[in-house]
Every structure is written in structure tokens, then in C-alpha cells.
Amino acid sequence: MNVSRFWISDRRTFMSYAVAAASTMLMARPGLAGSVQPHADPRGAPPPGKTPEQLEALAGPLEPGAKELYERAIVIDSLGGIGGPSFSDDRDTSKGLLIPEELAAVRASGVTAVNLTLSRPTFDATMRNLDAWRAEIAKHPDYLTQALRPEDILAAKQAGKLAVIIGYQGLDMIENDMARIDASYDAGVRIMQLSYNKHNLLAAGSLDPISKGLTPFGRDVVARINQLGATVDVSHGNMRVAIDTAAASKKPIAITHTGARAIYDHPRNLPDEALTAVTRRGGVVGIYLVPFLGLDPIDATRRILVRHLDHALKICGEDHVGIGTDVDTMPIDYTPEYLKALEKFGVQRRKEGIATPLETGRLMGVPELNFPRKLQYIASDLLKAGYSSRVVEKVLGGNFLRLFQETWT
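Rules behind the numbers
Residues numbered from 1 in each chain as written. Predicted model: local features only at pLDDT ≥ 70, side-chain atom pairs only at ≥ 80, totals over all residues. Heavy atoms only, no water. Helix = DSSP H or I, 4+ residues; strand = E, 2+ residues; numbered from the N terminus. Buried < 20%, exposed > 50% of the residue type's maximum accessible area, 1.4 Å probe, protein only. Contact = heavy atoms within 4.5 Å. Areas by Shrake-Rupley, 256 points an atom, 1.4 Å probe, with all protein chains shown as cover. Salt bridge = Lys/Arg side-chain N within 4 Å of Asp/Glu carboxyl O. Axes fitted to C-alpha atoms, helices over the stretch in contact; angles between N-to-C directions. Nonpolar A, V, L, I, M, F, W, Y, C, P; charged D, E, K, R; others polar. Parallel < 35°, antiparallel > 145°, perpendicular 65-115°, else oblique. Left-handed = near helix turned anticlockwise from the far one by under 90°. Expected span 1.5 Å × (residues − 1). Bend = angle between axes of the 7 residues up to and from the residue. Core = buried A, V, L, I, M, F, W, Y, C linked by side-chain atoms within 4.5 Å. Polar contact = N/O pair within 3.5 Å; in protein donor to acceptor, adjacent residues only side chain to side chain. Pairing = 2+ DSSP bridges. Right-handed = clockwise from strand over helix to strand, strands pointing away. Phe/Tyr/Trp six-rings, centres within 6.5 Å; stacked < 30°, edge-to-face > 60°. Lys NZ or Arg CZ within 6 Å of the ring centre and 35° of its normal.

Draft legend 1. Quick peek at the overall build of the chain. Scanning the chain from N- to C-terminus turns up 14 helices and ten strands. Scored against the burial criterion, the 409 residues of the chain give a buried share of 63%. Residue pairs at least 24 apart in sequence account for 77% of intrachain contacts in the chain once pairs closer than 6 positions are excluded. Total accessible area on the chain is roughly 14900 Å²; 54% of this is exposed by carbon and sulfur atoms.

Draft legend 2. Molecular detail of the pattern of salt bridges. Taken as a whole, this structure holds 16 salt bridges when the rule is applied. With a closest N to O distance of 3.0 Å, E175 and R180 form a salt bridge. Residues joined in a network through salt bridges with shared partners are E318, D319, R390 and K394.

Draft legend 3. The packing of helix 6 (residues 150-159) against helix 14 (residues 389-407), seen in detail. Look at helix 6 against helix 14: their axes get within 9 Å of each other, and the N-to-C directions meet at 145 degrees. The segment helix 6 lies against helix 14, with P150, I153 and L154 engaging L401, F404 and Q405. Taken together, the residues of the contact of helix 6 with helix 14 sort by class into five nonpolar, one polar and no charged.

Draft legend 4. Expanded view of the packing of helix 10 (residues 272-279) against helix 11 (residues 302-316). Here helix 10 crosses helix 11 at 55 degrees, and the two axes come no closer than 10 Å. What the angle tells us is that helix 10 and helix 11 run oblique. Handedness of the helix 10/helix 11 crossing: right-handed. Of helix 11, the residues touching helix 10 (which contributes D272, L275, T276 and T279) are H311, I315 and C316. Among the residues making up the contact of helix 10 with helix 11, the classes are represented as three nonpolar, three polar and one charged.

Draft legend 5. Representation of helix 14 within the structure. Between its first and last C-alpha, helix 14 extends 26 Å over 19 residues, near the 27 Å set by a 1.5 Å rise per residue. Of all the bends in helix 14, the greatest, near 60 degrees, is centred on V395.

Draft legend 6. Geometry of the nonpolar core. Counting residues in hydrophobic clusters, the biggest one holds 93 residues, and the most contacted among them are I82, L144, L171, L194, L309, I378 and L396. Excluding residues that lie within four positions of it along the chain, L194 makes contacts with G170, L171, N200, L202, A203, L214, V222, V232, D233, V234 and T245. The next biggest cluster of nonpolar side chains, apart from the first, holds 16 residues, and it includes I153, I165, A254 and F404.

Draft legend 7. Summary view of the side chain of N197. Checked against the element boundaries, N197 lands in the loop between strand 5 (189-193) and helix 8 (216-228). Polar side-chain contacts of N197 include one of 2.7 Å to the side chain of H236. Sequence-distant contacts of N197, that is, excluding residues within four places in its chain, are made with G205, S206, L207, D208, H236, R268, R349, I354, T356 and E359.

Draft legend 8. Broad picture of the pairing of strand 5. Of all five residues in strand 5, five are buried, a share of seventy percent or more. When strand 4 (residues 162-169) meets strand 5, the two strands line up parallel, connected through four bridges. Of the residues in strand 5, the one forming a bridge with I166 is V189. Where the polypeptide runs from strand 4 across helix 7 (residues 179-186) and back to strand 5, its parallel neighbour, the crossover connection is right-handed.

Draft legend 9. Just unusual backbone geometry, in detail. Residues D296 and P297 are joined by a peptide bond in cis, for which omega reads -5 degrees. Of note, N197 is a non-glycine position whose phi angle comes to about 70 degrees, a positive value. Residue classification places N197 among the buried residues on the basis of a relative accessible area of 0%. Of note in the backbone geometry, D326 takes a positive phi value of approximately 60 degrees without being a glycine.

Draft legend 10. Just the packing of aromatic side chains, in detail. A full pass over the atoms with the stated rule returns five aromatic pairs. Here F404 and W408 contribute two aromatic rings whose centre-to-centre distance is 4.5 Å and whose plane-to-plane angle is 15 degrees, an arrangement assigned as stacked. Of the residues examined, F404 reaches a relative accessible area of 1% and is grouped as buried. You can call W408 buried: its relative accessible area is 7%. Ring-pair connections join several aromatic residues into one group, and the members of that group are F400, F404 and W408. A cation sits over an aromatic face here: R107 above Y143, 4.3 Å from the ring centre.

Geometric descriptors of this kind do not, in isolation, establish any biological role.
So this is what it looks like as C-alpha cells:
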């Protein structure tokens, strides 16, 4: 999921659009019956008009040691956003892509690095978007830096900055031109997701049957990404894509944002067979904070998020699980206007054929974690569940840092 004032230009709009999507496709799967409704149910929403600090206060106390652990950890959001969700193109960006409140949220989040989606429908538009965001990153050197090497993430931690990892969600815009992979790498892209919910020239999507997987051209692209020194991502692909790509890649791969189908049966949540195919070969799985985690009873909750993380840790191992929130830094203000805009954009997702169940009628993200420092509370919840500080630090970012150290060479 993910977007911007420039269509799918940054995570903020992309995420808003994706979760807002209207889906009338009810899969014949346990747990999905009745998952589509015309309006987002606001019963689980945080009260509107609250500041980030007020919203965080609603989350309750942290477990002993959670704050200190979080402050010393390398915290990597393997798929997230800078700023807050936006549904319109009418915001004045003449003074920049980020406003002061969004930069303040970046600082408050405590996140060390984030995979920021900058892909757009055409390659030329994607390159223009990369140019715009590289300029924006350079404009705020006290807050942001670009991550081209793992060392840049470590330096960002020392300096108290956010390292921006430029990523793609879907490689449709390269068409059949392998040279565009090289150009993307040269422009600073370090995470490349092969497909997005439906098949392209490289790979199947999460909505495709498992008879479709990685294509011959997709194998060539994976080999080239390996050679260049970037990370291959199979999020939004189906089970077969994950298995095929893990086998084809000479380096470990990522599923930057997904869930465990064993916990909740949804096309965007992958079965154990896919998760372990990736992690047995050194890869890392990021668990997201979206409605696809399941209904508990109305929206996704901290409790069900921990169930997904716990399951992934049990089947993949403590060295292969991370967090890819798939949400933005700024809290969402769940006003009637926001809910109406969310519903409206869902129509476009359905028309594009990329909507999945639970993308409508549900609140975006995990409403209980609707504030910038959300990953600190996930760390607290894992400590409460009995995990050691060592394991929690790996989940917060240590595992993805290790993956980047192995793939960005």
C-alpha cells in the first residue's frame, strides 16, 4: 500500500489510497465473509482533534525497560511513510514536500531508517519523483539523510536523523527495459518490489492464482538487482512468487510488509510455506500494521499484531522478522471529512483492479497505534509477551540492517 500529492509518488498518499480502497471482492475464504461494507466503521477510531502527544497518552504505560531499549536500538521501518496521509493534489508544495509538523513527527518517531516508496506509473514520472525527493531530503539535513549504504543507517542513528531508503512497490514502469533497473540503482533506489497485487512482466501479484509466479524476465531482473547491490522485495506477490524468487536469488530477499495467513486468511498475508522459503535462505519478513491483520473485533489491534509477530518469530526464527508498518508517521485525524475522502478514493482502487478485501469499511492501520512513536509501543508489547531485549532489538531493526549489509554489496 502507499501514495502522494503526485499520485503514487510517496508513501503518504500511496498508503492512504491503498487502505482506503473500496473492494467488493469477497473471497471465499474463512474470516473474510462480511469484510466489505460501504463506510469505514468509526467505532474503533481515536477521538478526532487530538495532538500526537495526546494520542500516545491513550496507549497506556510502557513495559519497564522499553523506552531505554527503543532509544538504543536501530529502528528500521521496512515500508513506511514520512508525514501524514493526503488524498488531494491541492496542497501547496511550492515550499517543499514536507511541512514542519511532519518533520516534527519524523523526529518524534525515533525511527532510524524507513523504506519510502517513490515509484510512479511511468518511468519518467518515477525519475522526476526521485529527483524531487532527493532535493527534499537535502533540504532538511537536520532531520533527513539518504541511505545508500548500511553505514548511512548507522550514521543516521548516531546523528539522530532519519535515513531514507528509496524503494519501489512494483516494477511495472520498467516495462521490458533492463537498463531501467540500472538507472534506478544509480538514482539511489535500494529496495525493489517486483509486483503489486496483480501480475506484470516480472511476477504474479497477491490476487493472482498460485499457478503464476516469477517469470523468466523476472528471474533476469532479480539477478541484475543482486549484481547491482539492492534488495529484492516480494511483498504484494503471491506464495509462488515468494518461493520462486527466494530460490532464484543469489542473495537473501525481503518481504518488507506482510502478515501471517495462519493468523488471518487474507491474500496479502502469506502462508508459512512462503515465509519460511524466504527466511530459510537468510531473508527477512516485515509484519505490517494494516486492516489485513484481522478484525479484533472491528479493526486490527495491538493484540492481533503481536499474534502475527509471535507466529512469524516461531516459524521464521528471531533473526528473520522485522516491522514494515505500511502506515505513515503523522497520526490520522479521523474526521467525517477524512472518512468520506477515504471512501471516495476506494473507487479508484477498485477500478484499477488492485483492491483486496478489507480495504474498505475499516480504519487504516492499527488505531491504537495512531501516533509517531508507534514502534516503541510494539517493542513494549513484545517485552510484555515474554521476548528478551535481544530479540526485540532484532525485530525493531537489527534483522533488516543485517539483510541490507548482505544485499547492498
